[in-house]
Amino acid sequence: MNVGNNHLVDINEVLHEEEEDHKEENSNISMNADKPDTRFNRPMKNREIKRPPRKFSRQVSLETGFSVLNGETSKDKNGRKILGRSGNSFGGFGVNGTNGIEARNKGDFNMFRTKSTIARQSSKIPLRKESGIELQNNNVKEGLNDHVKKSVPAGRYFDALTGPELDQVKDSEDILLPKDEKWPFLLRFPIGCFGICLGLSSQAILWRSLALSPVTKFLHVPLFINFAVWLLAVGVLVAVFITYMFKCALYFEAIKREYFHPVRVNFFCAPWIVCMFLAIGAPPKTAPGTLHPAIWCVFMAPIFFLNLKIYGQWLSGGKRRLCKVANPSSHLSVIGNFVGAILAAKVGWKEPGKFLWSIGFAHYLVVFVTLYQRLPTSEALPKELHPVYSMFIATPAAASLAWGAIYDEFDGLARTCYFISLFLYLSLVVRPNFFTGFRFSVAWWSYTFPMTTVSIATIKYAEEVPSFITKALALALSFMSTTMVCILFVSTLLHAFVWKTLFPNDLAIAITKKRNSKDRKPLMKRWTKHSPLSFVTSIGKHNSGDKECASEEEK
């Protein structure tokens, strides 16, 4: 539409109701044009031309880029509709044909559900009987689903999340699901729950060592404790594994989000590490002296393929290179190699054990140096310290145990790794403030596994260097580890079944793929930089023309 030298550009579609309104307004303008008016006998200025007001029933969200149909809007003093900028979650969009308030209250959790290929293809075929509004709502819903299916870049997690485990959303960020509504249980069940299994299964190995080691023979520890803890660990592992399998079957899109998470991707090694722990710490009466090699093949194969994926990304130098995604939980993918080496030695395969030990030790050195350097060019690690930082002491302790199991001797290299873990353990113990000020969560179980590993390594060291100091150190560390497990186990039961606060909404999996910064310039202003006349200028001229016409009519 060209009027004078002004160019008005309409980027919004006009619905049928709006077309009828425009026809009525145009007819009124044509009828008024037949009447003589002295105002138009003189040369007209651009700002004096009165233009019919435009109505926009569909607007483009300045934060999300999604089209909002009949969403929450407000009116300014001139009667124009303005998109509501409440900063709430994406659940506020009317993807199901409802208004924003109803959608926000209900929440669209189906976007994370597992969808078959046939359903995805059939959902893209529009029905003839559908109205225009339904088609628009389907397009919006399909856009949200595509927004969930696409993988989130690693840097986006660091930009949108905070906290030691990147599990808290920043205030300036928006999420795909409502924050003020309780989500389904499976969506709130994180893969970090396998940390409970890590703590219990490692305790089974500890009590087996306390019962069979000559250093602690004077304690007369019964093997029944090892058997009871082992059964408890097996039961918890089965419960957690079945629950997470249900999540994989029903909410596979959420599993993908956790898989691309720079912290949680390492916990995908945890189930198989737990299985190897249970094989190593099995009670002597229920397990043979030499395990079948097939057990090692079944449990180590998933970890090996995960190592190829994770280490390959570290090495390739892409967006998930180590200097950008390094965090304390990265040790967990390294520990799997050392535990696999211990199990390989137990089944009688020493050479595969040496192979895994060399891979684990090489990548441990890289991770250790990267986390110590904190390169200024890498993504900033969270400032708060957390139980997951105790992973620093678990890796060298597991390396010392693996070396001793392969060569049947706790020699110089095994002791070197053990001394490193012991020093890191002491450096964290003398700083108790690092581990205070956090609410209880499943991540607290990260305390137990490293403490237990150091305790077992201390028992092995006391066997090689028997003395009062080494025996006392082994007993002290074992007591601290067992006490921590008991406290966390009771706390977990209370938070899960009494207070029901163990599994809050997992906000980390509901972040958007792109940044929705409120500091950015509005989309309209950025678009009008490349247009002949901006909407802001045209609206301003329209308002000024109305005022002048009104003043002349009064005269």
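Worth saying up front: this structure is predicted, and the values here are computed from it rather than measured.

Novice: Run through the overall build of the chain, naming residues and quoting values.
Specialist: Secondary structure summary: the chain contains 19 helices and eight strands in total. Residue burial in the chain is summarised as follows: out of 555 residues, 46% are buried. Across the chain, every contact between residues at least 6 apart in sequence was considered, and the portion connecting residues at least 24 apart equals 79%. Of the roughly 28400 Å² that the chain leaves accessible, carbon and sulfur atoms contribute 61%.

Novice: Hey, could you go over the nonpolar core for me, with residue numbers and the actual values?
Specialist: Within the largest apolar cluster, 129 residues are counted, with the highest numbers of intra-cluster contacts made by Phe112, Trp183, Leu187 and Leu343. Dropping the residues within four chain positions of it, Leu343 is found in contact with Met276, Ala279, Ile280, Leu291, Trp296 and Phe299.

Novice: Mind laying out the packing of helix H6 (residues 194–212) against helix H7 (residues 223–250), listing which residues take part and the relevant values?
Specialist: H7 packs onto H6 with a crossing angle of 165° between their chain directions and a minimal axis gap of 8 Å. In terms of their interaxial angle, H6 and H7 are classed as roughly antiparallel. Here H6 and H7 pass one another in a crossing that is left-handed. In this structure, H6 contributes Phe194, Ile196, Cys197, Leu200, Ser201, Gln203, Ala204, Trp207, Arg208, Ala211 and Leu212 to the contact, and H7 contributes Leu223, Ile225, Asn226, Val229, Trp230, Leu232, Ala233, Val236, Leu237, Val240, Phe241 and Tyr244.

Novice: Residues and numbers for the packing of helix H13 (residues 350–373) against helix H14 (residues 391–407), please.
Specialist: Packed helix pairs are characterised by how far apart their axes lie and by the angle those axes make with each other. Between H13 and H14, whose axes approach to 10 Å, the crossing angle comes to 160°. One finds that H13 runs roughly antiparallel with respect to H14. Seen along the crossing, H13 lies across H14 with a hand that is left-handed. Of H14, the residues touching H13 (which contributes Lys350, Gly353, Lys354, Trp357, Tyr364, Phe368, Leu371 and Tyr372) are Phe392, Thr395, Pro396, Ala399, Ala402, Trp403, Ala405, Ile406 and Tyr407.

Novice: Pulling in residues and values, what's your account of the packing of aromatic side chains?
Specialist: The geometry of an aromatic ring pair is captured by two quantities: the separation of the ring centres and the angle between the planes. A full pass over the atoms with the stated rule returns 25 aromatic pairs. Ring centres of Phe410 and Tyr418 lie 6.3 Å apart, and the angle between their planes is 70°; on these two criteria the pair is classed as edge-to-face. Tyr418 matches Phe410 in its accessibility class, with the two residues each being buried. Look at Phe419 and Tyr461: their rings are 5.5 Å apart centre to centre, the planes differ by 75°, and that puts the pair in the edge-to-face class. You can see Phe419 sitting in helix H15 (residues 412–429) and its partner Tyr461 sitting in helix H16 (residues 448–464), a full 42 residues away along the chain.

Novice: Tell me about the environment of Ile406, residues and numbers included.
Specialist: Its location among the elements puts Ile406 in helix H14. For the pair formed by Ile406 and Leu343, sequence separation is 63 residues and the distance between their alpha carbons is 9.4 Å. Those residues within four positions of Ile406 in sequence are excluded, and the remaining contacts are Ala341, Ala345, Lys350, Gly353, Lys354 and Trp357.

Novice: I'd like a rundown of helix H17 (residues 468–498), residues and numbers included.
Specialist: Along its 31 residues, H17 runs 44 Å from first to last C-alpha, staying within 8% of the 45 Å computed at 1.5 Å per residue. Among the structural elements, H6, H15 and H16 are those in contact with the buried residues of H17. Phi for Lys500, located one or two positions after H17, is positive at around 55°.

Novice: Any details on unusual backbone geometry? Residues and values, ideally.
Specialist: Its identity as a non-glycine residue notwithstanding, Asp408 has a phi of 55°, on the positive side. Topologically, Asp408 is positioned in the loop between H14 and H15. Judged by its relative accessible area of 62%, Asp408 is exposed. The backbone of Lys500 shows a phi angle near 55°, a positive value even though the residue is not glycine. For Lys500, the position within the fold is in the loop between H17 and helix H18 (523–528). On the basis of relative accessibility, which here comes to 61%, the residue Lys500 falls in the exposed class.

Novice: Which residues make up the side chain of Ser202, and what are the values?
Specialist: Relative to the helices and strands, Ser202 is located in helix H6. Contact partners of Ser202, with chain neighbours within four places excluded, come to Phe277, Phe449, Thr452 and Ile456.

Novice: Give a detailed account of the confidence of the model for the chain, specifying residues and quantitative values.
Specialist: Model confidence for the chain is summarised by a mean pLDDT of 76, while 64% of its residues fall at 70 or above. Residue range residues 379–385 is modelled with pLDDT below 50. Its contacts to residues more than four positions away, or to other chains, number 21 contacts. Low confidence marks residues 517–539, where pLDDT is under 50. Its contacts with residues over four positions away, or in another chain, come to 24 contacts.

Novice: Provide a residue-level description of the pattern of salt bridges, including the pertinent values.
Specialist: Within the structure shown, the criterion is met by seven salt bridges. A salt bridge links Lys247 to Glu258; the shortest N-O distance between them is 3.4 Å. One end of the pair, Lys247, is in helix H7; the other, Glu258, is in helix H8 (residues 252–260), with 11 residues separating them in the sequence. Across the pair, Glu258 and Lys247 agree in class, each one buried. The closest approach of N and O atoms between Arg264 and Glu258, which form a salt bridge, is 2.9 Å. We note that Arg264, like Glu258, is buried. Three or more residues joined by partner-sharing salt bridges are found here, namely Lys247, Glu258, Arg264 and Asp506.

Novice: Tell me about a nonpolar patch on the surface, residues and numbers included.
Specialist: There is a patch of nonpolar side chains on the surface, built from Val490, Leu493, Leu494, Phe497, Val498 and Trp499 and spanning about 600 Å² of accessible area. With respect to the helices and strands, Leu493 occurs in helix H17.

Novice: Break down empty space enclosed by the protein for me, with residues and values.
Specialist: Going through the model one piece at a time under the given rule, you end up with 10 cavities of 30 Å³ or more. Taken as a whole, the second largest cavity spans an internal volume of roughly 100 Å³. Around the second largest cavity, the lining residues are Tyr259, Phe260, Pro262, Val265, Asn266, Lys309, Ile310, Gln313, Trp314, Arg320, Val325 and Ser330. Of all the secondary-structure elements, those providing two or more residues to the lining of the second largest cavity are H8 and helix H10 (293–316). Here the lining of the second largest cavity takes four residues from H10, the largest share from any one element. When the residues that make up the lining of the second largest cavity are grouped by side-chain class, the tally is seven nonpolar, three polar and two charged.

Cut-off values and rules
Residues numbered from 1 in each chain as written. Predicted model: local features only at pLDDT ≥ 70, side-chain atom pairs only at ≥ 80, totals over all residues. Heavy atoms only, no water. Helix = DSSP H or I, 4+ residues; strand = E, 2+ residues; numbered from the N terminus. Buried < 20%, exposed > 50% of the residue type's maximum accessible area, 1.4 Å probe, protein only. Contact = heavy atoms within 4.5 Å. Areas by Shrake-Rupley, 256 points an atom, 1.4 Å probe, with all protein chains shown as cover. Core = buried A, V, L, I, M, F, W, Y, C linked by side-chain atoms within 4.5 Å. Axes fitted to C-alpha atoms, helices over the stretch in contact; angles between N-to-C directions. Parallel < 35°, antiparallel > 145°, perpendicular 65-115°, else oblique. Left-handed = near helix turned anticlockwise from the far one by under 90°. Phe/Tyr/Trp six-rings, centres within 6.5 Å; stacked < 30°, edge-to-face > 60°. Expected span 1.5 Å × (residues − 1). pLDDT = per-residue confidence, 0-100. Salt bridge = Lys/Arg side-chain N within 4 Å of Asp/Glu carboxyl O. Patch = residues over 30% accessible without salt bridge, like charges linked within 9 Å, V, L, I, M, F, W, Y side chains within 5 Å. 1 Å grid on protein atoms, 1.4 Å probe; cavity = no way out; pocket = protein on both sides within 12 Å on 5 of 7 lines; lining within 4 Å. Points joined across faces, edges and corners; volume = space filled by probe spheres on them. Nonpolar A, V, L, I, M, F, W, Y, C, P; charged D, E, K, R; others polar.

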